[in-house]
Amino acid sequence: MTHVAAAKQARVSQCRVRGVPVAVDLGAVRGVERADRMVAAPGDGDWPQVGSLPSRSGDAPVFSLAGLLGFPPVAAADGSHVLLCETPHGPAGVLVEQTAQGAAVAPGAFLAMPAVVGAPHFTGVVRTGSALLPFLDPAALLGGAPPREFPAAEPWRAAASEAVQRRLILIPLPLPARALGDREWAVGLPAATVAELVEPERLVAVPGAPQHVAGVTAWRDRVVGVVDLAAWLGLSPTAPDRALVAVVAAPGGREPVGLLVARGVRVLKLPVPNVASQRAFPGLADRVVSLVETGDRTVALVDLADLTGPGA
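On a predicted model such as this, the values are computed, not experimentally measured, just so you know.

Criteria and thresholds
Think of each chain on its own: its residues are numbered from 1, step by step along the sequence as written. Local features in this predicted model are restricted to residues of pLDDT 70 or higher, and side-chain atom pairs are both shown and tallied only at a pLDDT of 80 or more, whereas totals for entire chains, interfaces and linings draw on every residue. Computation of side-chain values: all heavy atoms of the structure, hydrogens and water removed. Secondary structure elements follow DSSP: runs of H or I no shorter than four residues count as helices, runs of E no shorter than two count as strands, and numbering proceeds from the N terminus. Exposure is judged per residue with a 1.4 Å probe applied to protein chains only, and the accessible area is read against the type maximum: over 50% gives exposed, under 20% gives buried, and values in between give partly exposed. Under the convention used here, Asp and Glu are negative, Lys and Arg are positive, and both His and the chain ends fall outside the count. Lys charges are placed at NZ, Arg charges at CZ, Asp charges at CG and Glu charges at CD. Strand pairing is defined by DSSP finding a minimum of two bridges between the two strands. In what follows, a disulfide is any cysteine sulfur pair within 2.5 Å. We call two residues contacting when some pair of their heavy atoms lies within 4.5 Å. Centres within 6.5 Å are what make two rings of Phe, Tyr or Trp a pair, Trp counting through its six-membered ring; a difference in plane orientation under 30 degrees is then read as stacked, over 60 as edge-to-face, and the rest as tilted. pLDDT runs from 0 to 100 and stands for how confident the predictor is about each residue.

> Explain the overall build of the chain here, please?
A count of helices and strands for the chain gives 5 helices and 23 strands. Based on the C-alpha atoms only, the size of the chain along its principal axes is roughly 80 × 45 × 30 Å. Classification of the 312 residues of the chain by burial places 45% in the buried group. In the chain, 26 positive and 27 negative side-chain charges are present, and the distance between their average locations comes to 6 Å.

> Which parts of the structure should I look at to understand the sheet that holds strand S22 (residues 290-294)?
Strand pairing within a sheet occurs via backbone hydrogen bonds; the two strands may be parallel or antiparallel. Strand order in the open sheet formed by 6 strands is S20-S13-S14-S23-S22-S21, with mixed pairing between adjacent strands. Strands with a single pairing partner mark the edges of an open sheet, and in this sheet they are strand S20 (266-269) and strand S21 (275-276). Strand direction decides the pairing type here: strand S13 (residues 167-172) and strand S14 (residues 184-190), joined by 5 bridges, are antiparallel. What sits directly across from Leu168, in S14, is Pro190.

> Can you walk me through the state of the cysteines in this structure?
Each disulfide consists of one covalent bond between the sulfur atoms belonging to two cysteines. A complete count under the given rule lists 0 disulfides for this structure. In this model Cys15 remains outside any disulfide bridge; the closest cysteine sulfur is found in Cys85, 9.9 Å from its own. Owing to a relative accessible area of 0%, Cys15 belongs among the buried residues under this scheme. For Cys85, a relative accessible area of 0% translates into the label buried.

> Hey, could you run me through the side chain of Ser13 in this one?
Here Ser13 is to be found in strand S1 (residues 10-17). Owing to a relative accessible area of 2%, Ser13 belongs among the buried residues under this scheme. Not counting chain neighbours up to four residues away, the residues in contact with Ser13 comprise Val22, Ala23, Val24, Leu26, Thr99, Ala100 and Gly102.

> In this structure, what is going on with the packing of aromatic side chains? I would like to understand it.
In this description, a pair of aromatic rings is defined by centroid distance and the angle of the planes. According to the stated counting rule, one finds 4 aromatic pairs in the structure shown. Aromatic pair Phe135 and Phe150: ring centres 5.6 Å apart, planes at 80°, arrangement edge-to-face. Remark: Phe150 occurs in the loop between helix H2 (138-141) and S13 and Phe135 occurs in strand S12 (residues 131-136); sequence separation between them is 15 residues. On the basis of relative accessible area, Phe150 is assigned to the buried category, the value being 10%.

> Just to check I follow, could you spell out the sheet that holds strand S5 (residues 49-53) for this structure?
With mixed pairing, 6 strands are arranged side by side in an open sheet as S3-S7-S8-S6-S5-S4. Taken across any chain shown, the strands that pair with only one partner, and hence form the sheet edges, are strand S3 (29-34) and strand S4 (39-40).

> In this structure, what is going on with the confidence of the model for the chain? I would like to understand it.
Parts of the model with low pLDDT should not have their predicted coordinates read in detail. Of the residues in the chain, 90% reach a pLDDT of 70 or more, and the chain-wide mean stands at 86. Mean pLDDT across the elements of the chain ranges from a minimum in helix H3 (residues 177-180), with 54, to a maximum in S21, with 96. Counting interchain partners and residues more than four positions distant, the pLDDT-below-50 stretch residues 1-7 has 14 contacts.

Here's what the structure looks like:
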């Protein structure tokens, strides 16, 4: 049976996973306890179980939320509250870094997590006030009902004029030119695929996403997954405070995708004089379709379908 969040309201609480805020579904949470009531597991305990919560009906095992999401153990306790959940195996606790009082969220505040994010336990995104938060069902982590499914965004296509279709956007790659030769590096994208360049001021991380995924952001009436282009290419990650988000149309996809890119983007009018490059790409060469020399830099052409497809 499909569980669709849009069918009813949900009660959520804002928690944190390794410092990252998330919205936790309180539908299967029967209580919240202080972490100091927990009996800690021995030092050689079976992570992610971190202890137990005594009760009249028997001790309930307590698991670290970070551990359930696949994060490695840490020396210090990573929580201040325990969410006591109902599971098919009885009550169990989830240790979280912090939690706020639960609040009802209207059905229209939920959307499916963008597919490009690839965080297996976060299937949705919720707007709470002005915040945009990844949505998590702790009972599903503990072997309960399958995660809720969320209404997908409406199909979207970028509209481009004939003039735009004859332009190429050059995205600089922040590499030390002296170490790699005199010519700089850039990634070339067809301008017709880029809908807008926006500031990454509301970029929200998603715990458990691949390292090349910067998070999600709100764009117009949508939630967009954001890929760090340089990290996806096997290069050093882009610093968010020196970046823009290029919202692009994903070939064959239903949703636009954001690319975290360095500032200094240029637009070239096609055709541009160029020759095939003999240089070796300094990152993951299999993610580059071709290399050309044009103007004062080497341009790497990438396939957006490869970037946004399964397993990217």
